[in-house]
Amino acid sequence: TEGIVERAGPLYQFTHDLIQQTIYESIPNDEKKFFHKTIGTILLRSAANNSTLHLLAVDQINSYCVDIDLVPEERSHIARINATAAKFAIAASAFEQARSYVNAGMRLLN
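Fair warning: this is a prediction, and the values are worked out from it, not measured in the lab.

1. Quick word on the packing of aromatic side chains
- For the structure on display, the rule yields one aromatic pair.
- Summarising the aromatic geometry, the rings of phenylalanine 34 and phenylalanine 35 are spaced 6.1 Å apart at their centres and angled 55 degrees between planes, so their arrangement reads as tilted.
- Here phenylalanine 34 falls in the exposed class, since its relative accessible area comes to 52%.
- The class for phenylalanine 35 is partly exposed, based on a relative accessible area of 38%.

2. Some details on the packing of helix 2 (residues 29-47) against helix 3 (residues 51-65)
- Contact geometry of helix 2 with helix 3 gives a least axis separation of 7 Å together with a crossing angle of 155 degrees. With respect to helix 3, the axis of helix 2 lies roughly antiparallel. Viewed along their axes, helix 2 and helix 3 form a crossing whose handedness is left-handed. Contact with helix 2, carried on its side by Lys33, His36, Lys37, Ile39, Gly40, Thr41, Leu43, Leu44, Ser46 and Ala47, involves Leu53, His54, Leu56, Ala57, Gln60, Ile61, Ser63 and Tyr64 of helix 3 and no other residues of that element.
- When the residues that make up the contact of helix 2 with helix 3 are grouped by side-chain class, the tally is nine nonpolar, seven polar and two charged.

3. Some remarks on the pattern of salt bridges
- Counted by the stated rule, this structure contains two salt bridges.
- Of the charged contacts in the structure, one is a salt bridge between lysine 37 and glutamate 74, with a shortest N-O distance of 3.2 Å. With lysine 37 in helix 2 and glutamate 74 in helix 4 (residues 72-91), this residue pair connects regions lying 37 residues apart in the sequence.
- On the basis of relative accessible area, lysine 37 is assigned to the partly exposed category, the value being 30%.
- Owing to a relative accessible area of 18%, glutamate 74 belongs among the buried residues under this scheme.
- The shortest N-O distance in the salt bridge between glutamate 96 and arginine 99 comes to 2.6 Å. Of the two residues, glutamate 96 and arginine 99 both sit in helix 5 (residues 95-109), three residues apart, roughly one turn of that helix.

4. A word on a nonpolar patch on the surface
- Nonpolar side chains collect at one region of the surface, where Ile4, Val5, Tyr12, Phe14 and Ile23 lie side by side and expose about 430 Å² of accessible area between them.
- One can find tyrosine 12 in strand 2 (residues 11-14).

5. Details of the nonpolar core
- Of all hydrophobic cores here, the largest spans 17 residues; its most connected members are Ile61, Cys65, Leu70, Ile78, Tyr101 and Leu108.
- Those residues in contact with leucine 70 that sit more than four places away from it in its chain are Tyr64, Cys65, Arg75, Ile78 and Leu108.

6. Quick look at the layout of surface pockets
- Roughly 480 Å³ of internal volume is contained in the largest pocket.
- Lining the largest pocket are 14 residues, with Tyr12, Phe14, Gln20, Tyr24 and Ile39 positioned closest to its centre.
- For the lining of the largest pocket, the class distribution of residues is nine nonpolar, four polar and one charged.

Procedures and definitions
- Position labels on residues start from 1 in each chain and follow its written sequence.
- Selection of residues for local features in this predicted model requires a pLDDT of at least 70, selection of side-chain atom pairs for listing and counting requires 80 or more, and totals for whole chains, interfaces and linings are taken over all residues.
- Derived side-chain values reflect all non-hydrogen atoms in the structure, with water molecules and hydrogen atoms excluded from consideration.
- In summary, the pairing rule links any two rings of Phe, Tyr or Trp, Trp by its six-membered ring, whose centres are within 6.5 Å, and it sorts them by plane angle into stacked for under 30 degrees, edge-to-face for over 60 and tilted for everything else.
- Working definition: with a 1.4 Å probe on protein chains only, accessible area under 20% of the residue-type maximum means buried, over 50% means exposed, and in between means partly exposed.
- The axes are straight lines fitted to the C-alpha atoms, using for helices just the contacting stretch, and the angles between their N-to-C directions are given from 0 to 180°.
- A run of H or I in DSSP becomes a helix once it reaches four residues, and a run of E becomes a strand once it reaches two; helices and strands are each numbered from the N terminus.
- What sets the label is the angle itself: under 35 degrees gives roughly parallel, over 145 gives roughly antiparallel, 65 to 115 gives roughly perpendicular, and the rest give oblique.
- A clockwise turn of the near helix away from the far one marks a right-handed crossing, whereas an anticlockwise turn of less than a right angle marks a left-handed crossing.
- Note on contacts: a residue pair is in contact if any heavy atoms of the two residues lie within 4.5 Å.
- In this classification, the charged set is Asp, Glu, Lys and Arg, the nonpolar set is Ala, Val, Leu, Ile, Met, Phe, Trp, Tyr, Cys and Pro, and all remaining amino acids, among them Gly, are polar.
- Any carboxyl oxygen of Asp or Glu that lies within 4 Å of a side-chain nitrogen of Lys or Arg is treated as forming a salt bridge with it.
- To count toward a patch, a residue needs a relative accessible area above 30% and no salt bridge. Like charges then connect within 9 Å, nonpolar side chains (Val, Leu, Ile, Met, Phe, Trp, Tyr) within 5 Å.
- Using a 1.4 Å probe, accessible areas were evaluated by the Shrake-Rupley method; residue-level cover was limited to the displayed protein chains.
- The nonpolar core is taken to be a set of buried Ala, Val, Leu, Ile, Met, Phe, Trp, Tyr and Cys residues, with the residues joined through side-chain atoms within 4.5 Å.
- Only protein atoms enter the 1 Å grid used here. Points where a 1.4 Å probe fits but cannot escape make up a cavity, open sets with protein on both sides within 12 Å along at least five of seven lines make up a pocket, and a residue lines them when an atom lies within 4 Å of a point.
- Grid points are joined across faces, edges and corners, and a volume is the space filled by probe spheres set on the points.

Honestly, it's all geometry; don't read function into it.
Printed below as a string of structure tokens:
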């Protein structure tokens, strides 16, 4: 791993975006969706009232939702967390971002 990842505080990151992109593109799409859902779920559990973590979590979970069949309970849950994300975005005056969360939630409810 020498030269591929580096420590960034308590986390690790790839040394170059191209390395990250190449590795990400080599993962099959179904596995990517699973990873997005898993990462988002873990972040959401840790978020409490931390708006930044909540928004990161919802972004990951929304990546999972693209072109996938969800059971009604899951659709409802993800729509609710998008509504909360929209409220956090509005509080930060990030209105375009808020609209994207509202739209994502509405798509799930249709």
